[in-house]
Amino acid sequence: MPTNDGAEPVFREPWEAHAFALAVTLHQQGLFTWPEWADALARQITAAQAAGDADRGDTYYRHWLAALEALVAAKGASTAGELARYRDAWDRAADRTPHGQPIELRAHDFG
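All values reported here derive from a predicted model rather than from experimental measurement. (Residues numbered from 1 in each chain as written. Predicted model: local features only at pLDDT ≥ 70, side-chain atom pairs only at ≥ 80, totals over all residues. Heavy atoms only, no water.)

1. Overview of the pattern of salt bridges
Then step 1. The full count for this structure, using the stated rule, is six salt bridges.
Then step 2. With a closest N to O distance of 2.7 Å, Lys-75 and Glu-36 form a salt bridge. Here Lys-75 is found in the loop between α3 (60–74) and α4 (80–96), whereas its partner Glu-36 is found in helix α2 (residues 34–50), with 39 residues between them in sequence.
Then step 3. With a relative accessible area of 36%, Lys-75 lands in the partly exposed category.
Then step 4. Note that Asp-58 and Arg-56 form a salt bridge whose closest N and O atoms lie 3.3 Å from each other.
Then step 5. Arg-56 sits in the exposed class, given a relative accessible area of 63%. (Salt bridge = Lys/Arg side-chain N within 4 Å of Asp/Glu carboxyl O. Helix = DSSP H or I, 4+ residues; strand = E, 2+ residues; numbered from the N terminus. Buried < 20%, exposed > 50% of the residue type's maximum accessible area, 1.4 Å probe, protein only.)

As structure tokens, then:
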């Protein structure tokens, strides 16, 4: 994982790096502009704070992912239902995967 000064990782978990890269890639492919992205992320963080998020920084990439999912659905690249279906499938696959092993989606994870 990349580090900010050679000592601490920039991302706490691999999924955070993936979510970051996905947002950058979707922007580069023209799905949304960077100002649209910044607005979506700001709205998500503001809503989370209004709901009681203490904003200590440990939830930042959860907000990042929620903003990305909302923007992808708003742009019509996916639906909220489809995103939830895949999220649930990944949860099932992760639950049955031994620690340290790659997570593999299977057809029955969607059911």
